[in-house]
Amino acid sequence: MDILAHSRYLIIDDSNVIQSATRALLIKLGVPNNNVISASNAQNAIEACRARRFDILLIDHDLGSGSNGLQLLEYLQKKELIKPQTIVFIVTANDSQDIFFGYANFEPDGYLVKPIRADDIIKRVTSALSRQQYFSTLEQAYLKDGLNAVKPLFAKAPDSSTLKDGIVYMANLLIKNQQIEEAQAMLNGLLQLHDYLPAKAKLVEIYIAKQLFQDALKQIDVLIKNNPRNIKLHQLKVKICLNTSDFESANDLIEQVLSVNSSNIELTNTMVWLQLLSKNVEQATVHLKSLAKLVPYSIWDSAGKRALILWADAMTLNPKELGLWKPEAAWKRLSLSEKSHSLSKPVLKLCRTLQLIQLEQHEIAKMRIESISLKEFSGTDIEAFFLLALCYQTLGLDEKLNQIKFHIETGLKAEQSGTALLQRMALQQADNFALPALKKAPLAAVE
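Residues numbered from 1 in each chain as written. Predicted model: local features only at pLDDT ≥ 70, side-chain atom pairs only at ≥ 80, totals over all residues. Heavy atoms only, no water.

Focus: the overall build of the chain
Link 1 in the chain: What the chain contains, in helices and strands, is 23 helices and 5 strands.
Link 2 in the chain: The 447 residues of the chain split such that 52% are buried.
Link 3 in the chain: For the chain, restricting intrachain contacts to residue pairs at least 6 apart in sequence, the fraction spanning at least 24 positions comes to 62%.
Link 4 in the chain: Surface summary for the chain: the accessible area is close to 21,000 Å², and the carbon and sulfur share equals 50%.
Link 5 in the chain: Of the side-chain charges in the chain, 50 are positive and 48 negative, and the distance between the mean point of each set is 3 Å. (Helix = DSSP H or I, 4+ residues; strand = E, 2+ residues; numbered from the N terminus. Buried < 20%, exposed > 50% of the residue type's maximum accessible area, 1.4 Å probe, protein only. Contact = heavy atoms within 4.5 Å. Areas by Shrake-Rupley, 256 points an atom, 1.4 Å probe, with all protein chains shown as cover. Lys, Arg positive; Asp, Glu negative; His and termini not counted. Charge placed at Lys NZ, Arg CZ, Asp CG, Glu CD.)

Details of helix α8 (residues 160-176)
Link 1 in the chain: Its 17 residues place the ends of α8 25 Å apart at the C-alpha level, agreeing with the 24 Å of an ideal helix rising 1.5 Å per residue.
Link 2 in the chain: Along α8, the residues that are buried comprise Thr162, Lys164, Asp165, Gly166, Ile167, Val168, Tyr169, Met170, Ala171, Leu173 and Leu174.
Link 3 in the chain: Of the residues flanking the start of α8, the one acting as N-cap is Asp159, its side-chain oxygen 3.2 Å from the backbone nitrogen of Ser161.
Link 4 in the chain: One or two steps after α8, the chain reaches Gln178, where phi turns positive at roughly 65°. (Expected span 1.5 Å × (residues − 1). Polar contact = N/O pair within 3.5 Å; in protein donor to acceptor, adjacent residues only side chain to side chain.)

As for the pairing of strand β1 (residues 9-12)
Link 1 in the chain: Of the two faces of β1, the one holding Tyr9 and Ile11 and the one holding Leu10 and Ile12 are both buried throughout.
Link 2 in the chain: Two strands pair when backbone bridges link them, and β1 and strand β2 (residues 36-39) are joined in this way by 4 bridges, in the parallel orientation. Residue pairing for β2: Tyr9 is matched across the bridge by Val36.
Link 3 in the chain: Note that the unit made of β1, helix α2 (residues 16-28) and β2 has a crossover that is right-handed.
Link 4 in the chain: Where β1 meets strand β3 (residues 56-60), 4 bridges bridge the pair, whose relative direction is parallel. When the sheet's bridge partners are listed, Tyr9 is paired in β3 with Ile56. (Pairing = 2+ DSSP bridges. Right-handed = clockwise from strand over helix to strand, strands pointing away.)

Quick look at the packing of aromatic side chains
Centre distance and the angle of the planes are the two values used to describe a pair of aromatic rings.
Link 1 in the chain: Going through the model one piece at a time under the given rule, you end up with 4 aromatic pairs.
Link 2 in the chain: Ring geometry for Phe135 versus Tyr169: centroids 5.1 Å apart, planes at 15°, classification stacked. Of this pair, Phe135 sits in helix α6 (residues 118-145) while Tyr169 is found in helix α8, placing the two residues 34 residues apart along the sequence. Assigned by exposure class, Phe135 and Tyr169 land together as buried.
Link 3 in the chain: Ring geometry for Trp273 against Phe386: centres 4.8 Å apart, planes inclined by 75°, an arrangement best described as edge-to-face. You can see Trp273 sitting in helix α14 (residues 265-277) and its partner Phe386 sitting in helix α21 (residues 382-395), a full 113 residues away along the chain. (Phe/Tyr/Trp six-rings, centres within 6.5 Å; stacked < 30°, edge-to-face > 60°.)

Focus: unusual backbone geometry
Link 1 in the chain: Here Lys114 and Pro115 are connected by a cis peptide whose omega angle stands at -10°.
Link 2 in the chain: Of note, Pro115 is situated in the loop between β5 (110-113) and α6.
Link 3 in the chain: Phi is positive for Gln211, close to 60°, though the residue is something other than glycine.
Link 4 in the chain: By secondary structure assignment, the location of Gln211 is in the loop between α10 (197-209) and α11 (213-226).
Link 5 in the chain: Owing to a relative accessible area of 61%, Gln211 belongs among the exposed residues under this scheme.

With respect to the nonpolar core
Link 1 in the chain: Residues Leu310, Trp311, Leu350 and Leu388 are the most contacted members of the largest nonpolar core, which totals 71 residues.
Link 2 in the chain: Residue contacts for Leu310: discarding those within four places in its chain leaves Trp325, Pro327, Ala330, Trp331, Leu334, Leu343, Val347 and Cys351. (Core = buried A, V, L, I, M, F, W, Y, C linked by side-chain atoms within 4.5 Å.)

Observations concerning the pattern of salt bridges
Link 1 in the chain: Following the criterion strictly, the structure yields 17 salt bridges and no others.
Link 2 in the chain: We note a salt bridge from Asp55 to Arg53, for which the minimum N-O separation is 2.7 Å.
Link 3 in the chain: Judged by relative accessible area, which is 18%, Asp55 ranks as buried.
Link 4 in the chain: Residue classification places Arg53 among the partly exposed positions, given a relative accessible area of 38%.
Link 5 in the chain: Across the pair Asp165 and Arg131 runs a salt bridge whose closest N-O atoms are separated by 2.0 Å. In this pair, Asp165 sits in helix α8 while Arg131 sits in helix α6, placing the two residues 34 residues apart along the sequence. Note on accessibility: Asp165 and Arg131 belong to one class, buried.
Link 6 in the chain: Each member of the salt-bridge network shares a partner with another, and the members are Glu107, Lys202, Glu205 and Lys232. (Salt bridge = Lys/Arg side-chain N within 4 Å of Asp/Glu carboxyl O.)

Let's talk about the environment of Phe247
Link 1 in the chain: Here Phe247 shows up in helix α13 (residues 247-260).
Link 2 in the chain: Look at Phe247 and you get partly exposed, because its relative accessible area is 25%.
Link 3 in the chain: Sequence separation between Phe247 and Val347 is 100 residues, and the spatial gap between their C-alpha atoms is 31 Å.
Link 4 in the chain: If we ignore the near neighbours within four places in the chain, the residues touching Phe247 are Leu242, Leu274, Leu277, Leu422 and Met425.

Take a look at the structure:
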């Protein structure tokens, strides 16, 4: 019980009743009141994690308005607002397998079904805390004295399960520190003794990093055959397919995952770029419209992402409808928000330029785009720069187009995701910037 009492908790739930009940349960188990913080939505949780460190997060999946628990966990991990040692339990009243599959890529420590019981907290949270303490011991030994100091500690693992996860944990740390060969050797040693899926998946990641794509493909096909609904494995295969230009297989894989987990923003975004690369604007529009309900307040939210979604919406209109089209009203409709979302000035200016081009008012569009500075967008906002490139290409502003290409190349240089690979390919094929729909009549409405 001492390990519970000395830990710091963040309860994330949109219900005040659940917050109070969970807090009361923790206090009853000996946790000091000051060690328990509550947040009612994703934004409040993000602010809490920026302000202090927590040992345990209890994240409700359905947070009402705004981001759900999946999008929140994605944000916290990718922005490194929580440490790898932070224990995460997903709390849900719905024990649907689809929810579990959706979270698989972010590897939470477990799931708690409402209402949370004291036995669950004592047994599962205490076990997770003990495991994390062991992982911290491994990491501290490695950082202080190197890998040789870690190996004797494997014999001191409290149980076989903790040992296996500890080795995978160390492999991640080695990869992060560019010791890829050492990580591979450690994982192979584990697999000689145990048939362990996380270790096999990590080896596939190493093959991809080493550009051994055929070896990676051979391994991942076996793993997917035995674990057909594991989203992380499918995402790894998507990355392999993109790196080997097997776009048809990548498309089919993404469709399979989205049929199970339609709220997967990363794969939906990848699908958008697959369609844009093949100039299938109509299909890209379908996926962009689905993103409108998912993007707000997620890690993927950006000025360019919103502008790209709005551009897709405008592409479905006839000239008369396009003349009356307003970006902010369209965003409210597409995102299914009960209140109007104000859009930033850069988004509004970019949308207006695209609107003028579609209406074939090119001279006015030129004046409008001259008022847009690259500094108005984040340096990593590839969607914004892609749309600017479309405008420059269509308006014949070749010097500006070359500048934006260089800017996109610089922004993508360090990015290793499958989406970034597609964006680089779109950049390399300049004619993809001149999408037909910008020069021809608007597309028919997409349902």
